[in-house]
Amino acid sequence: MPSDDAVQSDLEQQGVFFSTLNRFYNWGRRSSVWPMAFGLACCAIEMMATGLSRYDLARFGAELFRASPRQADLMIVAGTVTKKMVPQVVRLYNQMPEPRYVISMGACATSGGPFRDGYNVVRGIDLYIPVDVYVPGCPPRPEALLHALMTLQSQIDRQNLKQVRWYGKKARPQSQDFPVPSYGPHGLEIDGKLVDPVGSLPLISSYSSPMEGEQRRDQIEHPELVRVFPDMERELREETSASYAEALEGEDQHVRR
Amino acid sequence: MRDLIDGLLNTTLGLGAPDWLVSLISYVAIVTIIFLVAPFQMLFFTMYERRAIARMQDRIGPNRVGPEGAFQPIADGVKMFTKEDIVPAGADRWVHLLAPCVVVAPTMLLFAVVPWGPGMVPVDLNVGLLFFVAISSISAIGIMMAGWGSNNKFALLGAMRGVAQMISYEIPAVLSLLAAVLLAGSMSLVSLVNLQAGLPFVGMLAGIDLGLGWLIFTPVGFVGAICFFIAALAEGERTPFDIPEADSEIVAGYMTEYSGMKFGLFYLAQYILNFLLCAITATVFLGGWQFPGVNWLYERAISPANPAGNGLFNVLAGVLGVFAFLLKTYLLFYVMIWLRGAFPRLRVDQLMHFGWKFLIPLSLVNILSASLWVACMQWGAEQGMGAIEGWSPWARLALAFVLTFAINLVGYIALVRIQAPTRRRPSRLTGSIAVP
Amino acid sequence: MLSTDELQINIGPQHPSTHGVFRLLTRLEGETIIELTPVFGYLHRNHEQLGEANSYLQNMPFTDRLDYFNSMANNHAYALAVEKLAGIEVPERAEYIRVIMVELTRILNHAGAIGFLFNDMGAWQTQLAFSMREREKILDLFEMVSGARMMCNYFRFGGVVRDLPPEFLPALQDLLEAMPAFIDELERLLSENEILLARTQNIGILPKELAISYSVTGPMLRASGIPYDIRKAEPYSIYDRFDFDIPIGSVGDVYDRFLVRIEEMRQSRRILLQALEQLPDATGSHINPKARQNVRPPVGDAYTRIESPKGELGFYLVSDGSTKPYRYKIRAPSFINLTPLGDLCRGHKIADVVVILGSIDIVLGEVDR
Amino acid sequence: MSDDNSELSARQRDEARAALQRDLPFALSPSGSFPSPEGGPDLLATSDIVVEAQQIAAVARYLRASLNYIYLSNITAVDLLAHGCFELVYHFYRLSGGPALTIKTRLPREKPELPSLTPFWPGAAFQEREAYDLFGIVFKGHPDLRRIYMWDEFEGFPMRKDFVRQGDKYLSE
Amino acid sequence: MSIQIQRGKAITVDRRTRKTPMGQGLLRGLGVIWKHWSASFQKNDSYKKIQGTFTIEYPEERRQLPEAYRNMPILLYDEQSGHEFCTSCFQCERICPPQVIHMTQAKDPATGKPVPAVESFEIEYDACMSCGLCAEVCPFEAIKMDHTFELSTHDHPSLTVDKTALNRPTTYYAQIAPRMWEEVKENAYKKLAANMKRRSDLIGIAPQMQEQLREQLARAPQAEPAPEAVASASTTADDKAARLAAIRAANAAKRANSENGQAAQGDATQSADDKAARLAAIRAANAAKRAAQQAQASEAPETAPSESASPADDKAARLAAIRAANAAKRAAQQAQASEAPETAASESTSPADEKAARLAAIRAANAAKRAAAAAEKGQEE
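Residues numbered from 1 in each chain as written. Chains lettered and ligands numbered in written order. Predicted model: local features only at pLDDT ≥ 70, side-chain atom pairs only at ≥ 80, totals over all residues. Heavy atoms only, no water.

(A) Layout of the overall build of chain C. When helices and strands are tallied, chain C shows 15 helices and nine strands. At 21 Å, chain C has a C-alpha radius of gyration in line with the 21 Å of a compact globule built from 369 residues. In terms of overall dimensions, chain C has C-alpha extents of about 75 × 45 × 35 Å along its principal axes. Burial statistics for chain C: of 369 residues in total, 81% are counted as buried. Within chain C, contacts between residues at least 6 apart in sequence are counted, and of these 72% link residues at least 24 apart. Surface accessibility of chain C: about 7,700 Å² in total, with carbon and sulfur atoms responsible for 49%. Each charge class in chain C can be summarised by its mean position, and for the 38 positive and 49 negative side chains these summaries are 5 Å apart. (Helix = DSSP H or I, 4+ residues; strand = E, 2+ residues; numbered from the N terminus. Rg over C-alpha atoms; globule rule 2.2 N^0.38 Å. Buried < 20%, exposed > 50% of the residue type's maximum accessible area, 1.4 Å probe, protein only. Contact = heavy atoms within 4.5 Å. Areas by Shrake-Rupley, 256 points an atom, 1.4 Å probe, with all protein chains shown as cover. Lys, Arg positive; Asp, Glu negative; His and termini not counted. Charge placed at Lys NZ, Arg CZ, Asp CG, Glu CD.)

Okay, structure coming up:
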C-alpha cells in the first residue's frame, strides 16, 4: 500500500489517541470477521471443511457463519458465479452493512476459472463487486483459505478509521450500492445496457480493490454492441483501410532488415 | 442491598442519612452493578458456548484473540458497535428501531430479583417468581415488533414462530414453577432458596444444614426442574427449540434484517435471557446459592438478626454463595450447549405438539404431586385430624416420596404412551402411474 | 372459517440450506406447503458445452467438478465411457485401484450426506464435523494418490495416473479399522433419537411405483424398496467379484433413505476389505501401457453408467472421429432425483422441505452442470 | 465383462426391434431421411433402433407395457448440424437388470417438435425441459415447458452447434 | 420383476420403531457427544482414532503434504548450467483444459530460426484448475506442480505469473517431491543435454541465472545452431504469415512500451502494459498460426495449387496481425491515457489492458479464421 505510510504519519500527527483508537478499531474488526453462510459450488465444500474440525476457522473467531447478510462481515464467494447468479450475489453484497469484505475463493470466482469460456459463466466476480482478497486454486486448500483470511486481517490492519465508509457523509469513499445487473435477452444488462453477453467476453472492466478506491477500472466499453461482435466485418473494413498500408510498410521494412 | 447501604451509611459512618437517600443510593448502585454484570455474563456465555461446542466437535474454538481467545467477545462487541446500521427500505422505521430495546429491557429488569448469594438479592420481592414470569414474556412483543417492522417474510415467519413458541411455553414454565411455589408456600425467590437448606432428600429434617436440600432431589422438584428447563430452552430459543431463528429454514428468523448493534442487542438479550433462565432454574430447583458451608458462614456474619457477627464472614459467605450459584448456572448452561451440540431442532408443529400435549399435562400431574406432598408434610399440623396425624415427620416424608414418585412416573409413562407416533398419510402425489 | 392468505416464499438461491445455489419457489398456507417449484440454473457451468470444446483427456478434470463430493466416481464413469468408445482395455490392478477409490468416495459421500441432514435439521454442525473428520481422512488418502483433495483427476483411459504409493495401503487399513466405530457412532446419533425420528419418519414418502416413473436412482430408489443397484444389475468394472448386499428400505421416507446410506457405508467397507485382500494378486500395472491418452475414437456413440453414490451417473458420448467429443452428455443422478421434490414436499411444513431436500442428497454442480 | 454386456445389449436390441417390427411397424423410421454430408463423418449411421419422431410416445409406451422397459433413464439431444437434424436418444432399462436399450429419433432442425414423454414418465420432465432450454426442441404435451437453466428472458439456444461462442477455448475452432 | 442379485442379497434396513420412545435415544446421543467432549483434551493424530481434537493449528502447525500434491504449475531449470528444461514444445499449452498457459518460442537472433527454448512463458494462476495435465504431458519434465498454496493476494493482475516467477531450481523440486523427481531425473537431464547443444548465447537460460552466467557464456565458444526440424516448416507461406503476425504484434507491443517509457511512468506500469501486450501478441501469434494450419489442412485433400491458397491465408493472417497490433496499441494508449490524470494508480490499469489485449487476440483469431474460411470457400467456387 503506497498510501499507507502517509496515512500512518498523518495519524501520528493527529495524536496518540486517534491512532490508538484506530488500532483498537481495526483489532476489533480483524478479530471478529463473521462470514456469510454463502456457498456457490465446489469451493463451498472446502469452505465448510475449513470451518470444521481439521482446520477450524473458529480459531480466528470467524466460525459464526451468519445466514443473514445483515449480520455478516465477510462474503466468501466460494465457487463459480454464473450469469444467472450474479444479480443475487450483488444484491447480497449490497445488503451487507459496512465494513464488508469479499474473499474471492478459487479460480472460478476470481476469473471464471476453468469455466470461463462457458456461455453462462462470469469471468470473475470482481466485474460486479470489489474484491479484497483473491485466492487462486481449484479449489484452494482449506489452509489457503485460512491464509486468505490472514491476508485479509493484515489488510484490515492497514485500514484507517478516517476513511472508513459510512461514518459521516464526508468520508471519502462512500458506501455505495453496486448496480445489480438484470437479465436481458442476450446477457446481463445494467441500466438497459448489455454488459455481459452470453457467449462472449464481458463488456465491462473489473472493479479495483477497495484499497484503491473501489472504482470500476474502465467504463462500459461497447455499450452499443449487441450480441457477439456482429460489427466485426465493418470494423474490419475500417481498420483495413486505415492501417493496412501502414502495416504493410512496416512489414516491408522488417523484411528488408 | 438496601440494608447494606443503610448499614454502611447510618450504622458504620453514622451519617444519619434520610430514608429516601438510602433508597436512591442503593437503587443506583444496584442498577450500575446489573448493567455491568449483565453484558459481562453475555460476553462470557458466548465464549463459553463457542469453546465448549468446539470441543464437542473435535476442534479448538476461538483461541487466537487474546490469551486462549479470551478477548474474542470483546472484539465481537467492538465490531458490532462499529458496523453500519441499516434500516431496510420499506421497514417500519420506529418499530424496527424499538424492537431490540423492547427485547433487551425486560431481560435487564429480570436481574433485579435474582438472589446471587445470602443477603445478596437486589430486590427481594415477595412475588419474585411472578415478576420473573411476567416480565420475561414482554420480550415476545419485541420479537413480534422485530418481525413486523422488518418488512421481510422470513422475519415475519420467524416472529410468528417465536411468539407462538414463547406464549405456549410460558404455560408449562409457570405450571412447573407453581409446583415449587406450592412446596415453598411463597413466591419470593429468597424464601425458595432458604427452603432448600439441609440434606438431599430430607431437607432440614435431620437438623444438619449442608445446603443440599435442593428441590430437584424430590420427585416433584425433579419433574418440575425438567419441565421448567425444557420450557426454558424454548423460551430462550435454544436447540432443540431454536425454531424462531432456524437458519436452515428461515434464514435468521426475526433477526434477519438487523445489522450492527441492533443485532448485537438481540444477541445480548438472548444470552442474558439464557443466563437468567439457567439462574432461575438453579435458584428454584438447584438451591440457588445453597452450598455446604454457605449458611454456616452466613450465620456468623453481621446481619440485622446478628449484629455481633464478623464482617469477614459476610464477605466469605457472599463469595462462596455467588460461586455456588454461578457454578450451578454455568453447569445448566453447559447442558444447553450440550443439547445444542447433540441435537437437531424440532419442527414448529411438533414443538407445539410437545408443549401442549406433553409438557403441560406433565406439569399438571406434577402440581397434583406437589399438592399431595404438601398435604402429606403438613397434614395434621394445624388441622388436627386425618389418618396420618400421629405419624413422625420421617414417615410422612417417606409417604410423600412414594406417592409423588408413583404419580409422576405413571403420569410420564402414560403421556409417553399416548404420544405414540401418528402415522402420516403420504402427501397427495401427482403423476402417479401404476407400474408393473 | 378464517380465510388465510397464501404466502409466497423464495427459498434460495442464496439460502443456507439449499446445498448450493438453488431456488425453491414455495406457496405456503401458514407454514404448510401447497406448491413447490424448484428453479435451477444458478450453477449452470456449461459442462456439456465446454466438454465439446475440449479433447477427451481435457474433460477428465472437468468431470471432477460435476459432483464435487465424488470426483473419483465421476472420473470412473467418464473413463468407462471413453474406454467403451475407443475400445481400451483396463488392467486388473487398475480396476482394483479404481474400485477402492470409488468405494471410498461412496463412504465419504454418505457420511457427508448424513452430516448435512443433521445440519439441515438444525444441529449445530456437530454430526457434520464428525462426518467431515472421516472425510478429511479419506481425502488424505486421495491426496496421497492423486495429489488433490477434492478434484482428484486420477483416472485415465486404461487405468489410473499413478500407482498407489507405499504408504497408502497401511493408512487405508487403519482407516477401515476405525470405520465401524464411526459408522456405529453416526447410527447411534441417527436412529432412535426421538427428535430425529419425529423429523424424519413418514416425511417425504416416495412409493415404489412413483420412484420408478420418476426415474429416481441410487439410495433414494433403494429406500423406496427396489433393490436396484447398477453394481449388481449391470456389473461394470470388477464389481461381480465382490460379495456385498443391497440395503433397501420399507417405507421410502427420509428416515429410510438415511438408514440405507448408513448400511451402504458398511457394505462399501466390505467391498474395500475384499479389494484389499485381492489386490496383491491382481495382474497388470496401474495403467494399460498401450492406451493413448490423446484418444481419437472411431465414429460412434457410447453410453455407460455407474452406480455413483448419488445414483446412476451416465455419460453419453458421440464421437465424430476427432479428438473432441461431438456430444458430451451427462446423465446426472441428482438432477433427475430432484424431479419428485415438488410432489414430495406438498403438504409438509417448510422445515420438512429442507430435510427432504437433504435426503435426496443433491449436489448443485451436478444438477445444473 | 464389457463383451458380455455388448452381446447382451445387442440381443436386447434385436428382440426389441423384432417386436417393434411386429407390433408398431409404422414407428420404425425409414433410414436415410436426412442427408449425410460429403466428406464429414456420418453420425447418422447407427445400429440402434431409430424410430419416427412423432411416434416416440407410442414406442416408449409399447416398450414399457409389452417389453418391460419400465425405467426411462436418459434423454439426450444431439445437434447434428451437418446433417440438418436433431437426434434424440432415449435410454430405457428393465428393472431386472441388464444394459440399456437405446432408442433414437431424428427431427428436422427447422421445426424440432415431438411428443413429450412426461405424461407417462414424470421423471422425463426436467430432461425435456433441459433439451428445450439448450437446444430448442419442443416437446408437445409437456405440462411445463419452460427454460430450466437459462433465465426466461434469454433468447437463443446455447447448446446448438451454430450458437456463437467466444473465448480462449474456441480460438482453435 | 426384481433383479437377480448374485453374490449378495437385498436386505431391508431395520427401522427400529417398535420400542416406545422414552427419551433413551436422546440420552444416547448426549452420551456420544459427551465422549467427544471428554476426549477432546487429547489430540486425534491417528487414523484409528475417532475421538480427540482433530485440529491442525495451521499457521504454526502444518501437515506434511504428500509428494504427489499439486497446486500450481512451475517451471524447472538446472542450477548447474542455468538452462531451463522447457523447449516450448507447446504440449502443455495445448492440453491445458482452461487454456491458461501462453508461451512463445525463442528465436536465434542471428538466424531468426526457432530454438528449442522458451522466450516467454505465462500462466494465469487465477484461472488454473490445478489438474496437473501440463506436468503429465511434458516430455521434458520442465513443468511441474508446486506445493505452495499460500498465494492469496489483493492484487488480481499479479496472479498472471511470468517466467521469472515461475522458474524454480531442480533442487527445489527434488526437495518437495524427492521420489517423483528421482524417477524422471535421468530422462530430463538427457533431454536437456541434447537441447542445450541447440541453444546459443543466453537463450534458454533462466533469468535468475543470466547475470551469473553471462561472462562464463561469453567465454565459451559459440555453439553452432543445428539444423532443426522446425525450421523446415518455416518455409511455407502460412507459417511465414503467422510468424509475421507474431512479430508484428510483438513490435506493436514494443512500440507501445517505448511510448510508455517516454511518458516516464513507473516501472510497474511498463511491466504491466508489457505483460498485457505480450499476452496479446502470444495469443495472436498462436491463433494465427493455428488458423493458418487449419486452412492448410483443409486444403490438403484438394488438389488446388498452393499458390492461390497461400496469399489468401497470408492475407488473413496479416489482417489478424494488424488487428492484434492495433488492439495492443490501443490498449497501451488507453492505459497511458487513463494513467495521465492519476499518477499513483499505476497498477490498476493493467487488467483493463489485459482484457483489451485478450479481446484483441480473440478478435484477431476470429478474423483469421473467417478469412481462412472465406478463402477456402472462394477456392471451392
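(B) View of the sheet that holds strand β7 (residues 300-308) of chain C. Residue and element names in this part refer to chain C. Strand order in this open sheet of three strands is β7-β8-β9, and the pairing throughout is antiparallel. Only two strands of the sheet have a single neighbouring strand rather than two, namely β7 and β9 (325-331). This sheet shows a mean twist of 10° between the axes of neighbouring strands, independent of strand direction. Bridge analysis of strand β8 (residues 311-319) against β9 gives six bridges, and the strand direction is antiparallel. The residue bridging Gly314 from the neighbouring strand is Arg331, located in β9. On the sheet, helix α3 (residues 71-86) packs against β7, β8 and β9 and is oriented at approximately 150° with respect to β7. (Pairing = 2+ DSSP bridges. Axes fitted to C-alpha atoms, helices over the stretch in contact; angles between N-to-C directions.)

(C) Quick peek at the pattern of salt bridges. On inspection of all chains with the given rule, the structure shows 72 salt bridges over all chains. Taking the shortest distance from any N to any O, the salt bridge between C:Arg222 and C:Glu264 comes out at 2.6 Å. Here C:Arg222 is found in helix α9 (residues 219-223), whereas its partner C:Glu264 is found in helix α11 (residues 254-278), with 42 residues between them in sequence. On the basis of relative accessible area, C:Arg222 is assigned to the buried category, the value being 0%. Take C:Glu264: its relative accessible area is 2%, and that puts it in the buried class. The shortest N-O distance in the salt bridge between C:Lys310 and C:Asp361 comes to 3.9 Å. Here C:Lys310, found in the loop between β7 and β8, pairs with C:Asp361, found in the loop between α14 (350-360) and α15 (364-368); they are 51 residues apart in sequence, far enough to count as distant. Taking the relative accessible area as the measure of exposure, C:Asp361 reaches 6% and is therefore buried. By sharing partners, the salt bridges in this structure join A:Glu46, A:Arg54, A:Arg141, A:Glu143, C:Arg135, C:Glu136, C:Asp140, C:Glu143, C:Arg149 and E:Arg63 into a single network. (Salt bridge = Lys/Arg side-chain N within 4 Å of Asp/Glu carboxyl O.)

(D) A look at the interface of chain B and chain E. In this assembly, 19 residues from chain B lie in contact with 22 residues from chain E. Carbon and sulfur atoms supply 62% of the area that chain B and chain E bury against each other, a total of about 1,800 Å² over both sides. Looking at the side of chain B facing chain E, the largest losses of area belong to B:Arg55, B:Asp58 and B:Trp338, adding up to 34% of the total buried there. Scanning the region where chain B abuts chain E turns up one salt bridge. Taking the shortest distance from any N to any O, the salt bridge between B:Arg64 and E:Glu60 comes out at 2.6 Å. Between chain B and chain E we count six residue pairs in polar contact (both at pLDDT 80 or more) in total. At the level of secondary structure, the elements contributing two or more residues to the side of chain B that touches chain E comprise α2 (19-56), α13 (311-342) and α15 (393-418) of chain B. The element contributing the most residues to the side of chain B that touches chain E is α13(B), with five residues. Of the residues in the side of chain B that touches chain E, the class split is 12 nonpolar, two polar and five charged. (Buried area = accessible area lost by both parts, 1.4 Å probe. Polar contact = N/O pair within 3.5 Å; in protein donor to acceptor, adjacent residues only side chain to side chain. Nonpolar A, V, L, I, M, F, W, Y, C, P; charged D, E, K, R; others polar.)

(E) Inspection of helix α3 (residues 72-81) of chain B at higher detail. A large share of α3(B) lies buried, amounting to seven of its 10 residues. Those residues of α3(B) not exposed but buried are B:Gln72, B:Pro73, B:Ala75, B:Asp76, B:Val78, B:Lys79 and B:Met80.

(F) The interface of chain E and chain C, seen in detail. Each partner contributes to the interface: chain E provides 53 residues, whereas chain C provides 70 residues. In total, about 5,000 Å² of surface goes out of reach between chain E and chain C, with carbon and sulfur atoms giving 56% of it. Interface area lost by chain E to chain C is led by E:Arg7, E:Arg15 and E:Tyr47, which between them contribute 17%. At the junction of chain E and chain C, the tally comes to six salt bridges.

(G) Representation of the side chain of D:Asp133 in the model. Residues and elements named next belong to chain D. Counting through the fold element by element, Asp133 comes out in helix α3 (residues 124-135). Asp133 gets classed as buried once you look at its relative accessible area, which sits at 0%. In contact with Asp133, other than residues within four places in its own chain, are Arg147, Ile148, Tyr149, Met150, Gly156, Phe157 and Pro158.

(H) Just the sheet that holds strand β6 (residues 160-161) of chain E, in detail. Residue and element names in this part refer to chain E. Here we have three strands laid out as an open sheet, ordered β3-β4-β6, and antiparallel in their pairing. Edge positions in the open sheet fall to β3 (101-107) and β6, since each of these has one partner strand only. As defined by bridge partners, β3 adjoins strand β4 (residues 114-124) across six bridges and the pair is classed as antiparallel. The residue bridging Thr104 from the neighbouring strand is Ser120, located in β4.

(I) View of the pairing of β7(C). Residues and elements named next belong to chain C. For β7, a buried count of seven out of nine residues is recorded, marking the element as mostly surrounded by other parts of the structure. Across nine bridges, the pairing between β7 and β8 is antiparallel. Its bridge partner being in β8, Ile306 is matched across the sheet by Leu313. The turn linking β7 back onto β8 is made up of two residues.

(J) How the structure looks around a nonpolar patch on the surface. On the surface, A:Leu21, A:Phe24, B:Phe71 and B:Ile74 cluster together to form a nonpolar patch covering roughly 330 Å² of accessible area. The residue A:Leu21 is located in helix α2 (residues 16-31) in this model. A:Leu21 gets classed as partly exposed once you look at its relative accessible area, which sits at 33%. (Patch = residues over 30% accessible without salt bridge, like charges linked within 9 Å, V, L, I, M, F, W, Y side chains within 5 Å.)

(K) Representation of the state of the cysteines within the structure. One pass over the full model with this rule turns up zero disulfides over all chains. Cysteine B:Cys278 is unpaired, with the sulfur of B:Cys227 as its nearest cysteine sulfur at 16 Å. Overall, B:Cys278 belongs to the buried group, its relative accessible area being 0%. The thiol of E:Cys131 is unpaired, and the distance to the nearest cysteine sulfur, on E:Cys134, comes to 6.1 Å. (Disulfide = S-S within 2.5 Å.)

(L) Main features of the packing of aromatic side chains. All names here are of chain B. Going through the model one piece at a time under the given rule, you end up with 63 aromatic pairs over all chains. Judged by centre distance (5.4 Å) and plane angle (35°), the ring pair of Phe263 and Tyr267 falls under tilted. With a gap of four residues between them, Phe263 and Tyr267 both fall in helix α11 (residues 260-285), about one helical turn apart. Classification of Phe263 as buried rests on a relative accessible area of 2%. (Phe/Tyr/Trp six-rings, centres within 6.5 Å; stacked < 30°, edge-to-face > 60°.)

(M) Region of interest: the nonpolar core. Counting residues in each nonpolar core, the largest one holds 404 residues, and the members touching the most others are C:Tyr154, D:Tyr90, D:Phe92 and E:Phe121. Broken down by element, this core gets its largest block of residues, 17 residues, from α11(B). Residue contacts for D:Tyr90: discarding those within four places in its chain leaves D:Ile56, D:Leu72, D:Asn74, D:Ile75, D:Leu101, D:Thr102, D:Ile103, D:Thr105, D:Leu114, D:Leu117 and D:Phe139. Counting 29 residues, the second largest nonpolar core, distinct from the first, contains A:Ala44, A:Phe60, A:Met105 and A:Leu146. (Core = buried A, V, L, I, M, F, W, Y, C linked by side-chain atoms within 4.5 Å.)

(N) Structural view of helix α5 (residues 126-146) of chain C. Taking 1.5 Å per residue, 21 residues should reach 30 Å; α5(C) reaches 29 Å between its end C-alpha atoms and fits that length. Counting buried positions along α5(C) gives 21 out of 21 residues, so the element sits mostly inside the fold. (Expected span 1.5 Å × (residues − 1).)

(O) Structural view of unusual backbone geometry. The peptide bond linking A:Cys138 to A:Pro139 adopts the cis configuration, its omega dihedral lying at -15°. Among the structural elements, A:Pro139 can be located in the loop between β3 (133-135) and α6 (142-157). Here C:Asn153, not a glycine, exhibits a phi torsion of approximately 50°, which is positive. Relative to the helices and strands, C:Asn153 is located in the loop between α5 and β4 (155-156). Located in the positive-phi region is C:Asn202, a residue other than glycine, with phi close to 60°. Take C:Asn202: it is sitting in the loop between α7 (194-200) and α8 (208-213).

Note that every value here comes from positions in space, so none of it alone points to a role or purpose.
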